[in-house]
Amino acid sequence: MTMLNSRAGRMVSVAALGLLFALSSQSFAQDTTDSLQSKRQELRELQQTLSEIRQTAMEDHPELQRQQDTLQTQVMSRMRDEGVEPRKSIRRLQDITRELRSGEAAEEDQAALMQEYQETRESVLAARREALDDDGVRDAQEALQSDLVDAMTEQDPAVPEMIERFETLREDVAGSQSSLDMGTQR
């Protein structure tokens, strides 16, 4: 009888440990989810604040807008060098999106439209990647970014710390989301 009680006691203990583990795992997952949501909220708030400061800096420094326009022209030119007409391609992507969302496309045409959308989108993205990899474009982009951060820092001296916090949070959120996604796949 004691052997049976001992075995039953171990089974209860194992079951209790299993339940405790399951509950603590749920608690950990909830804590992780709450922490992730908190980080996402802080990230959104920082993004909003930085965006507002950026807008003010751009308005106060018209040369930054000219720099940005020049950079955009360089990128578009490099994309054309890659065989893509960026404005025309983007308009086509928008047209396809509207057509698919409106429901006006015949069912047999939808697959062809989706295929065209994917191919056009991929060619635009590939040309953009090539353009951004160009040394001249990269130099112009880095100069604009540096000048913009300087102008934003004039607006609010805490900008460098906000940018650093933003980057840290963005990496944390991406890592946490990846961990959660992997955990739900098990």
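Residues numbered from 1 in each chain as written. Predicted model: local features only at pLDDT ≥ 70, side-chain atom pairs only at ≥ 80, totals over all residues. Heavy atoms only, no water.

What is the right way to look at the pattern of salt bridges in this model?
Any two side chains of opposite charge can pair if their charged atoms end up close together. Taken as a whole and judged by the stated rule, the model has 11 salt bridges. We note a salt bridge from aspartate 95 to arginine 98, for which the minimum N-O separation is 2.5 Å. Placement of the pair is aspartate 95 and arginine 98 together in helix H3 (residues 86–102), with a separation of three residues, close to one helical turn. We classify aspartate 95 as partly exposed; its relative accessible area is 33%. Residue aspartate 135 is joined to arginine 138 by a salt bridge in which the shortest nitrogen-to-oxygen separation is 3.2 Å. Taken together, the residues span about one helical turn, with aspartate 135 and arginine 138 both in helix H5 (residues 135–155) at a distance of three residues. On the basis of relative accessible area, arginine 138 is assigned to the partly exposed category, the value being 30%. In the salt-bridge network here, residues are joined through shared partners; they are Arg78, Asp81, Glu82 and Asp134. (Salt bridge = Lys/Arg side-chain N within 4 Å of Asp/Glu carboxyl O. Helix = DSSP H or I, 4+ residues; strand = E, 2+ residues; numbered from the N terminus. Buried < 20%, exposed > 50% of the residue type's maximum accessible area, 1.4 Å probe, protein only.)

How do you make sense of the packing of H3 against helix H4 (residues 107–133) when you look at a structure like this?
A packed helix pair is summarised by two numbers, namely the angle formed by the two axes and the spacing between the axes. Where H3 contacts H4, the axes come no closer than 10 Å and their chain directions differ by 150°. Taken as axis vectors, H3 and H4 run roughly antiparallel relative to one another. Considering the relative orientation of H3 and H4, their crossing is left-handed. Here Ser89, Arg92, Leu93, Ile96, Thr97, Glu99 and Leu100 of H3 lie close against H4, whose contacting residues are Gln110, Leu113, Met114, Glu116, Tyr117, Thr120, Arg121 and Val124. Per-class residue counts for the contact of H3 with H4 are seven nonpolar, four polar and four charged. (Axes fitted to C-alpha atoms, helices over the stretch in contact; angles between N-to-C directions. Parallel < 35°, antiparallel > 145°, perpendicular 65-115°, else oblique. Left-handed = near helix turned anticlockwise from the far one by under 90°. Contact = heavy atoms within 4.5 Å. Nonpolar A, V, L, I, M, F, W, Y, C, P; charged D, E, K, R; others polar.)

Help me understand the environment of leucine 113 in this model?
Tracing the chain through its elements places leucine 113 in helix H4. C-alpha separation for the pair leucine 113 and threonine 97, spaced 16 residues apart in sequence, amounts to 8.9 Å. If sequence neighbours within four positions are ignored, leucine 113 has contacts with Arg92, Ile96, Glu99, Leu100 and Ala105.

Honestly, H3 in this entry has me stumped. Any pointers?
Think of an α-helix as turning once every 3.6 residues; residues three or four places apart then point the same way. Here H3 spans 24 Å end to end across 17 residues, near enough to the 24 Å set by a 1.5 Å rise per residue. Of the positions making up H3, those classed as buried are Pro86, Ser89, Leu93 and Ile96. Across the axial projection of H3, the buried residues extend over an arc of 90°, all falling on one side. Away from the buried face of H3 by more than 90 degrees, exposed residues Arg87, Lys88 and Arg98 are located. With its phi angle positive at about 80°, glycine 103 sits one or two positions after the end of H3. (Expected span 1.5 Å × (residues − 1). Arc of directions from axis to C-beta.)

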